[in-house]
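Geometric and topological summary
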Amino acid sequence: MTTIQQPRILGAGVDRVDGPLKVTGQARYPNDVNLPGMAYAAVVRSTIPSGRITRMDTTAAEKSPGVLEVITHENADHLGEAPATFIKNPQPPLQDDAIRFYGQYIAVVVADTQQNATAAAGLIEVEYERHEAILDPHDPRAERIKDPWGEDTAWGDVRTALNRAPVMIDQTYTTSENTNNPLGLFTTLASWDGDTLTLHDSNQWPNMIQQVVAAMFGLPRDAVRVLTPFVGGGFGAGLRCWSHIPLAVMAARHVGRPVKLELTRPEMFTGLGHRTSSINWIRLGATRDGRLTAIEHESLTTLPLDGDEYEPCSSVSTWSYASPNVTARDQQVRLNIPWTNFMRAPGDAQGNFALESAIDELAWEVGLDPLEIRLLNYAEVDPKTGRPWSSNALRRCLEVGAQRFGWSNRNPEIGSMRDGHELVGYGVAGVSFFWYQQPCSAKVIVRGDGSAYVRSAVTDIGTGTYTIMAQLAAGLLGLEVDQVEMQLGDSSMPVGTAAGGSGLTAALGSAVHDACGRLIQKFVDLAGTDPFSPLANVPFEDVAVSEGRLFRKGDPTRGESLARILAVHGLTELSADGNSTPNSPDQLGMTPAGARGARFVEVRVDEDLGRVRVARIVTVNDGGRILNEKLARSQILGGTVGGVGMALFEDTVTDKDTGRIANATFGDYLIPVNADIPDVHVEFVGEPDAFNPIGVKGIGEIGLVGVAPAIANGIFHATGKRIRSLPITMDEVMD
Amino acid sequence: MDFLRATTWAEALRMKADRPDATPVQGGTDVMVEINLDKGRPKALLDLTPVAELTEWSVESGNIRIGAGVTYTRIIAELADRLPGLAQASRTVGSPQIRNRGTVAGNLGAASPAGDSHPPLLASGAIVEAESVDGTRMIPVGDFYTGVKRHALASHELIRAIHVPVKRGPQYFSKIGTRNAMVIAVCSFGIALNAEDRTVGTGIGSAAPTPRRAVEAEAFLAGNWPAGDLDPAVAKRFGELVAAAAAPIDDVRGSSGYRVHALAVMARRTLGWAWQELRNGGRS
Ligand SMILES: Cc1cc2nc3c(=O)[nH]c(=O)nc-3n(C[C@H](O)[C@H](O)[C@H](O)COP(=O)(O)OP(=O)(O)OC[C@H]3O[C@@H](n4cnc5c(N)ncnc54)[C@H](O)[C@@H]3O)c2cc1C
């Protein structure tokens with residue numbers, strides 16, 4: 001019964017269940033929570049990128065109105081090491097006088113009001129011993145890390161294949177630093193009660209915050225409770241335990257009151273990491289008719305002095321196209337910069353821009369339609385192992401997208417499609433997104449009235465987890481969606497994984513699936529102990545669920561409601577725990593495929609001014625089974641907007657001399673506004689994926705990927721100008 | 001920081017005379033942002049929003065006298081027929097929220113070279129009415145801008161109103177930004193043709209330390225007042241002269257080379273639109 005019978009590929013577009021709470025202001029985000037006796041913290045950040053603090057004068061700050069405490073490295077608590085979770089977490093702040101980047105926290109001020117804390121923070125005087133900072137990825141003094149994750153990949157003989165290739169593309173593609181910029185300002189409200197600690201905190205993984213904070217403060221894990229029922233977006237920014245969190249905890253311990261630390265927008269730029277810039281070197285070898293014989297992709301990305309980051313840009317080249325010879329290598333370089341970190345589609349966003357631009361260049365080189373060349377080199381099976389994919393509807397994405405877009409109306413000649421002083425260009429890009437899943441657990445409980453709730457210590461970062469998990473459990477238990485409540489955002493719930501890597505829906509959904517199966521089993525077993533039950537001798541395999549009832553397959557009259565079974569046995573509720581771990585590709589004999597997609601973009605370039613307007617976008621995606629069509633569409637739309645931002649606007653600018661991020665406000669760091677976003681047509685294709693029991697593939701990130709190369713490829717079609725660096729500026733287009 | 005709130009214009013002038021260090025606040029869309037970003041702390045704020053007379057406009061001898069408290073939204077809604085250049089520029093300012101609060105007086109007070117009202121004010125020959133307890137000064141807008149974010153007001157003076165001549169021919173404004181809305185101009189250009197006198201007004205934004213006119217371009221076009229079709233050579237030369245009047249810098253929004261190039265294009269295009277309107281007998 002628990003396998004989904006005849007799953008529809010598109011789940012009902014149920015409105016998000018948290019919508020009314022959010023629009024009426026009842027959803028309490030971490031910064032909305034206030035506690036009695038709460039004090040406020042403000043941070044002080046370094047104004048040099050490298051060196052040592054030689055003197056700090058906090059006298060004026062301490063005397064400032066309302067100030068309760070000033071903490072610097074001189075009086076900070078000694079904290080324990082921050083454990084690595086999936087990746088490293090920043091080591092505890094204020095433990096020494098070393099400065100590793102501009103914007104590093106060097107003090108925290110606690111006062112009775114936010115205003116008093118902020119005012120006093122400005123009164124702290126700091127003197128430094130400056131050391132020379134390394135800020136340029138090409139600086140020969142910078143530490144380089146080769147093959148940082150042991151994932152460099154090679155098969156065949158790329159060197160020979162490139163030497164022999166009749167056609168070759170050899171180009172460098174670069175992308176700029178971008179900042180996640182979730183709208184909600186990250187906040188930690190720390191409150192101690194004896195030796196137990198409660199945190200209201202903005203993050204994407206409460207159990208990770210719990211684990212790291214417990215280790216730093218020498219507490220058992222159970223003594224730390226992290227509450228994140230709502231978070232104002234993340235885009236990856238909440239996947240590590242950033243330094244403001246232990247600062248708030250330490251501050252609360254010092255003043256013996258709850259302390260709220262809400263970051264400001266400029267602090268969000270330095271305090272939560274950002275997408276690394278990337279340099280991608282790509283060499284493609286091909287036959288004259290456009291068949292790939294070799295792909296070589298190398299990337300260089302950046303790291304802070306003391307952090308790590310998993311961001312392979314080259315790996316897209318190992319699974320996107322069929323090629324007998326492939327090399328993919330990544331390097332990282334350490335700089336005196338704020339932490340680089342996951343941002344929506346880390347690595348793939350940059351690597352795909354490079355690869356899909358290069359494939360486009362190859363199409364022009366051999367005189368093939370850019371759509372054709374992608375179909376010609378289609379990866380029918382995993383090119384690395386030869387195994388079948390767990391599902392892969394990229395071909396369908398490309399075909400359906402081309403049709404919706406009207407690709408056949410394209411005049412292949414450069415600059416041939418004009419409208420007044422605008423040159424019109426059509427661009428396409430394919431997307432093969434990475435696959436990622438981690439273990440997760442959940443508990444499902446049916447109450448005496450037949451309604452149910454599901455619990456897991458995960459977060460809904462706005463993606464719709466509350467809604468789709470209620471839908472999924474309702475389907476598996478035979479209930480209506482409004483009879484099921486998803487509870488999440490509390491580290492004391494069953495251990496949950498991160499809302500990251502587009503992996504939560506598969507991980508949590510599989511755990512919910514497991515729990516629902518076990519729970520139905522329990523109901524069937526219970527019914528079996530009741531000789532009067534219509535289900536008394538019906539084996540589990542023969543039981544179906546619908547409308548709150550269990551019944552014999554094919555004979556709906558022979559059944560009993562969940563509520564009645566509980567009543568008969570004098571139970572107020574019945575629950576079951578569920579777990580999921582990713583399946584093994586070896587056992588299943590298939591390669592798990594992440595989501596797939598195709599982007600078709602019409603750009604219009606003002607030929608005199610170089611202004612690029614995106615006129616329309618068609619984005620078709622294969623996300624396996626889509627649990628909620630409306631929310632999935634919203635994810636793709638939001639991702640598309642992010643993709644336009646990456647292509648045309650977003651650029652975190654670091655001052656070359658000081659290492660200061662020079663545009664850390666929404667006035668200066670440009671993201672798209674409504675007027676920049678055209679009609680976006682979103683469509684889903686594909687089949688339920690075979691790698692997990694619920695058939696889903698995460699779609700939280702893929703929407704962003706491929707938009708930038710499709711725009712750049714469109715600009716080439718319009719103008720004949722090949723732009724190989726992001727963001728694309730008017731100066732470059734005119735140049 | 002002291003907070004002064006004037007309820008009448010006379011009171012405002014007295015307060016400013018007593019506290020020349022007070023920063024006037026109209027819509028606050030520049031002042032509050034600067035304070036929020038901690039770019040200096042004014043000793044005092046002088047709130048002008050309760051002063052009712054500032055929120056009115058009137059017609060005075062061929063000019064519209066726009067009170068310092070009249071918002072962009074109202075200029076767009078109430079004055080677009082008579083001051084089309086200024087109304088077009090107003091439409092490009094920020095977002096609806098900003099246009100509901102922001103004022104031309106505030107734009108002048110901020111005196112940013114990128115302020116969007118400056119090119120149409122220059123092109124149409126506007127006059128700033130400055131007032132203090134000592135009396136009133138009428139400052140031609142071209143003399144108002146004295147440096148980057150600096151202006152000709154004395155420390156005890158306030159802007160009472162801006163006098164903008166009612167259109168006497170086509171007026172156009174063009175702005176280039178790095179995105180389609182909510183954006184500071186990379187550069188901007190305003191043109192106003194006076195069909196009766198056959199004179200030309202221009203204004204360049206964001207391409208020099210201050211907003212400025214392209215005087216030679218104005219004289220050239222007046223001397224070559226097009227008869228019949230616009231001669232492409234005239235349009236081209238006009239664009240070159242506008243570009244030559246600029247003295248831009250490189251910054252994050254654009255290079256100086258791009259700005260010079262774009263100004264020439266915008267000058268040609270706005271002239272084309274203006275000329276088309278002239279030929280259509282005043283219809284755009
Ligand atoms: C999100 C955002 C977007 C924006 N977009 C644009 C844009 O697209 N184009 C643009 O040009 N500007 C833009 N601005 C800047 C601002 O909105 C404009 O400059 C606006 O015209 C300021 O008017 P205000 O009434 O709000 O001025 P205020 O902020 O009140 O004042 C601005 C300056 O003028 C002084 N001042 C105000 N009134 C007087 C007076 N009566 N006498 C003397 N001095 C006075 C103030 O002391 C201050 O120095 C934007 C601002 C924001 C926050």
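Residues numbered from 1 in each chain as written. Chains lettered and ligands numbered in written order. Predicted model: local features only at pLDDT ≥ 70, side-chain atom pairs only at ≥ 80, totals over all residues. Heavy atoms only, no water.

Here we look at the overall build of chain B
In plain terms, the rule: By the criteria applied, helices consist of DSSP H or I runs no shorter than four residues and strands consist of E runs no shorter than two, each listed in order from the N terminus. For a compact globule the rule gives 2.2 Å times the number of residues to the power 0.38, and the radius of gyration it is set against comes from C-alpha atoms. Throughout this description, buried means an accessible area under 20% of the type-specific maximum (1.4 Å probe, protein chains only), exposed means over 50%, and partly exposed covers the range between. Shrake-Rupley sampling with a 1.4 Å probe provides the accessible areas, and residues are treated as covered by the protein chains on show and by no other component. By the counting rule applied here, Lys and Arg register as positive and Asp and Glu as negative, while His and the ends of each chain are not counted. Where a charge lies is defined by one atom per residue type: Lys uses NZ, Arg uses CZ, Asp uses CG and Glu uses CD.
Along the backbone of chain B there are 11 helices and 13 strands. Expected size for 284 residues packed as a compact globule is a radius of gyration near 19 Å; at 19 Å, chain B falls within 12% of this value. Projected onto its principal axes, the C-alpha coordinates of chain B cover approximately 60 × 45 × 30 Å. Sorting the 284 residues of chain B into buried and exposed places 53% on the buried side. When the accessible surface of chain B is summed, it comes to about 12000 Å², and 52% of that surface belongs to carbon and sulfur atoms. A gap of 5 Å separates the mean positions of the 32 positive and 29 negative side-chain charges of chain B.

What to know about the site of the ligand
Residues and elements named next belong to chain B. Put simply, the test is: Each residue is tested against the molecule or strand, and it is near if at least one of its non-hydrogen atoms lies within 4 Å. For the purposes of these results, a polar contact is taken to be a pair of N or O atoms within 3.5 Å, where, inside protein, one atom must be able to donate a hydrogen and its partner to accept one; residues adjacent in sequence count only when each atom of the pair is a side-chain atom. Polar here means any residue other than Ala, Val, Leu, Ile, Met, Phe, Trp, Tyr, Cys and Pro, which are nonpolar, and Asp, Glu, Lys and Arg, which are charged; Gly is therefore polar. Per the annotation, domain bounds derive from an automatic or database assignment of domains.
By nearness alone, 31 residues border the ligand, and Pro24, Thr29, Asp30, Tyr72 and Asp116 come closest of all. Here an oxygen atom of the ligand sits 3.3 Å away from a polar atom, N or O, in the side chain of Lys175. Out of a free accessible area of 990 Å², the ligand has 87% covered by protein chains. Elements with a minimum of two residues in the shell around the ligand: strand E2 (22-25), helix H2 (31-36), helix H6 (104-110) and strand E10 (158-165). Of the residues forming the shell around the ligand, the biggest block, 4 residues, is contributed by H6. For the shell around the ligand, the per-class residue count stands at 15 nonpolar, 13 polar and 3 charged. When residues are assigned to domains, the shell around the ligand turns out to be shared by domain 1 (2-47 + 55-165) and domain 2 (171-279), each giving three or more.

What about empty space enclosed by the protein?
Residues and elements named next belong to chain A. Filter applied, for reference: Buriedness for pockets is judged along seven lines, at least five of which must meet protein on both sides within 12 Å for an open set on the 1 Å grid over protein atoms alone, while cavities are sets there where a 1.4 Å probe fits but cannot get out, and lining residues have an atom within 4 Å of a point. Grid points are joined across faces, edges and corners, and a volume is the space filled by probe spheres set on the points.
All chains considered together, the criterion is met by 4 cavities of 30 Å³ or more. The space that makes up the largest cavity amounts to roughly 90 Å³. Together, 15 residues line the largest cavity, and Trp435, Tyr436, Ser502, Lys697 and Gly698 are the ones closest to its centre. Its residues assigned to classes, the lining of the largest cavity shows 8 nonpolar, 6 polar and 1 charged.

Digging into the pairing of strand E5 (residues 105-111) of chain A
Note on strand geometry: in a regular strand, side chains alternate between the two faces of the sheet. Residues and elements named next belong to chain A. Definition in use: Each pair of strands is called paired provided DSSP finds at least two bridges between the two strands.
Taken across its 7 residues, E5 has 7 buried, putting it largely inside the fold. Note that strand E1 (residues 39-45) and E5 share 6 bridges and pair antiparallel. Opposite Ala41, over in E5, you have Val110 as the bridge partner. Sheet topology note: the strand E3 (residues 67-72)/E5 ladder contains 5 bridges and is antiparallel. For Val67, the partnering residue across the bridge sits in E5 and is Ala111.

Concerning the UniProt feature "domain: FAD-binding PCMH-type" (unreviewed entry) in chain B
Operational definition: UniProt positions are given in the numbering used here, feature names are shortened, and annotations may be inferred rather than shown by experiment.
Residues annotated in UniProt with the feature "domain: FAD-binding PCMH-type" (unreviewed entry) correspond here to residues 1-169 of chain B. The span residues 1-169 of chain B shows a helical share of 33% and a strand share of 27%, and its end C-alpha atoms are spaced 47 Å apart.

Observations concerning helix H8 (residues 348-366) of chain A
How we decide: One less than the number of residues in a helix, times 1.5 Å, gives the span that helix is expected to have.
With 19 residues, H8(A) extends 26 Å from end C-alpha to end C-alpha; this agrees with the ideal 27 Å at 1.5 Å per step. Within H8(A), 17 of the 19 residues are buried, leaving the element largely enclosed by the surrounding structure.

Regarding the environment of A:Ile702
Residues and elements named next belong to chain A. Condition: The contact criterion used throughout is that any non-hydrogen atoms of two residues lie within 4.5 Å.
Along the polypeptide, Ile702 turns up in the loop between strand E28 (679-684) and helix H16 (707-719). Taking the C-alpha atoms as reference points, Ile702 and Thr179, separated by 523 residues in sequence, lie 18 Å from one another. Aside from chain neighbours lying at most four places away, what touches Ile702 is Val431, Phe433, Ala595, Arg596, Gly597, Arg599, Asn621 and Ile636.

Description of the domain arrangement of chain B
All names here are of chain B. What counts, and what does not: Two parts placed together each lose some accessible area under a 1.4 Å probe, and adding up what both lose gives the buried area. Definition used for salt bridges: Asp or Glu carboxyl oxygen within 4 Å of a side-chain nitrogen of Lys or Arg.
Segmenting chain B into domains produces domain 1 (2-47 + 55-165) and domain 2 (171-279). Look at where the C-alpha atoms of domain 1 and domain 2 centre, and you get two points 24 Å apart. Buried surface at the junction of domain 1 and domain 2, summed over both partners, amounts to about 1700 Å²; 65% is from carbon and sulfur atoms. For the interface between domain 1 and domain 2, the tally reads 1 salt bridge. At the junction of domain 1 and domain 2, the tally comes to 6 residue pairs in polar contact (both at pLDDT 80 or more). Among the secondary structure elements, those contributing two or more residues to the side of domain 1 that touches domain 2 are helix H4 (84-91), helix H7 (118-124) and strand E8 (145-147). Of the residues forming the side of domain 1 that touches domain 2, the biggest block, 6 residues, is contributed by H7. The residue makeup of the side of domain 1 that touches domain 2, split by class, is 12 nonpolar, 10 polar and 1 charged.

Re the domain arrangement of chain A
Residues and elements named next belong to chain A. Entries for chain A in the domain assignment read domain 1 (36-132 + 192-233 + 238-267), domain 2 (278-436 + 588-734) and domain 3 (440-581). Centre-to-centre, using C-alpha coordinates, domain 1 lies 38 Å away from domain 2. Every contact between the two is made by 16 residues of domain 1 and, on the other side, 19 residues of domain 2. Here domain 1 packs against domain 2, burying approximately 1700 Å² in sum over the two surfaces, 66% of which is carbon and sulfur. Three residues, Arg100, Tyr102 and Arg240, lead the burial of domain 1 against domain 2; their summed loss comes to 31% of the area buried on that side. For Asp308, the salt bridge identified is with Arg240, shortest N-O distance 3.0 Å. Our enumeration of links across domain 1 and domain 2 arrives at 6 residue pairs in polar contact (both at pLDDT 80 or more).

Let's talk about the nonpolar core
Residue and element names in this part refer to chain A. What counts is decided by this rule: Put simply, a nonpolar core is a bunch of buried Ala, Val, Leu, Ile, Met, Phe, Trp, Tyr and Cys residues held in one set by side-chain atoms that sit within 4.5 Å of each other.
By size, the foremost hydrophobic cluster in this structure holds 67 residues, and its most contacted members are Leu284, Leu362, Leu648, Ile711, Ile715 and Ile728. Per-element tally for this core: the top contributor is H8, with 9 residues. Residue contacts for Ile728: discarding those within four places in its chain leaves Ala647, Leu648, Ile711, Ala712, Ile715, Ile723 and Val733. By size, the runner-up hydrophobic cluster in this structure holds 54 residues, among which are Ala27, Ile461, Ile468 and Leu472.

Observations regarding the interface of chain A and chain B
With 17 residues of chain A in contact, the opposing surface of chain B contributes 16 residues. Surface buried jointly by chain A and chain B totals about 1600 Å² across both partners, of which 56% is contributed by carbon and sulfur atoms. Sorting the residues of chain A by area buried against chain B places A:Leu609, A:Met730 and A:Asp731 first, and these three jointly supply 31% of that buried surface. Inspection of the region where chain A meets chain B yields 2 salt bridges. Here A:Asp608 makes a salt bridge to B:Arg269, at a shortest N to O gap of 2.9 Å. The interface formed by chain A and chain B holds 10 residue pairs in polar contact (both at pLDDT 80 or more) in total. Among the elements that take part in the side of chain A that touches chain B, helix H17 (residues 730-734) of chain A stands out by supplying 3 residues, more than any other. Class assignment for the residues of the side of chain A that touches chain B results in 9 nonpolar, 2 polar and 6 charged.

Overview of the sheet that holds strand E4 (residues 57-60) of chain B
Residues and elements named next belong to chain B. Operational definition: Between N-to-C directions, angles span 0 to 180 degrees; the directions come from axes that are lines fitted to C-alpha atoms, helices contributing only their stretch in contact.
Spatial strand order, E4-E5-E10-E6-E7: 5 strands in an open sheet with antiparallel pairing. Looking along the sheet, the strands with just one partner apiece sit at the ends: E4 and strand E7 (135-140). Strand after strand, the sheet turns through a mean of 25 degrees between neighbouring axes, direction not considered. Sheet topology note: the strand E5 (residues 63-67)/E10 ladder contains 5 bridges and is antiparallel. Bridging from a neighbouring strand, Ile64 pairs with Val164 of E10. Helix H1 (residues 9-18) rests against strand E6 (127-132) and E10 of the sheet, and its axis sits at about 125 degrees to E10.

Digging into the packing of H8(A) against H16(A)
All names here are of chain A. To keep things clear, this is the line we draw: For this classification, under 35 degrees means roughly parallel, over 145 means roughly antiparallel, 65 to 115 means roughly perpendicular, and everything else is oblique. Note on convention: the crossing is left-handed when the near helix lies turned anticlockwise from the far helix by less than a right angle, right-handed when the turn is clockwise.
Their axes nearest at 8 Å, the elements H8 and H16 cross at an angle of 30 degrees. Classed by the angle they form, the pair H8 and H16 counts as roughly parallel. Note that H8 runs across H16; the crossing there is right-handed. Packed against H8, whose contacting residues are Asn352, Phe353, Glu356, Ser357, Asp360 and Trp364, the element H16 presents Ala708, Pro709, Ala712, Asn713, Phe716 and His717 at the interface. Across the contact of H8 with H16, the residue classes tally to 6 nonpolar, 4 polar and 2 charged.

Remarks on the sheet that holds strand E24 (residues 555-561) of chain A
By way of backbone hydrogen bonds, the strands of a sheet pair with one another, either parallel or antiparallel. Residues and elements named next belong to chain A. Overall, antiparallel pairing links the 3 strands, which are arranged E22-E23-E24 in an open sheet. Both edges of this open sheet fall to strand E22 (543-546) and E24, since each of them pairs with a single strand only. Averaged over neighbouring strand pairs, the angle between their axes works out to 35 degrees when direction is ignored. Each of E22, strand E23 (549-552) and E24 touches helix H12 (residues 504-528); the most contacted strand, E23, lies at about 70 degrees to it.

Let's talk about the UniProt feature "domain: Aldehyde oxidase/xanthine dehydrogenase a/b hammerhead" (unreviewed entry) in chain A
Following the UniProt record, one finds the feature "domain: Aldehyde oxidase/xanthine dehydrogenase a/b hammerhead" (unreviewed entry) at residues 24-132 of chain A. The distance from the first to the last C-alpha atom of residues 24-132 of chain A is 51 Å, and the span holds 12% helix and 32% strand.

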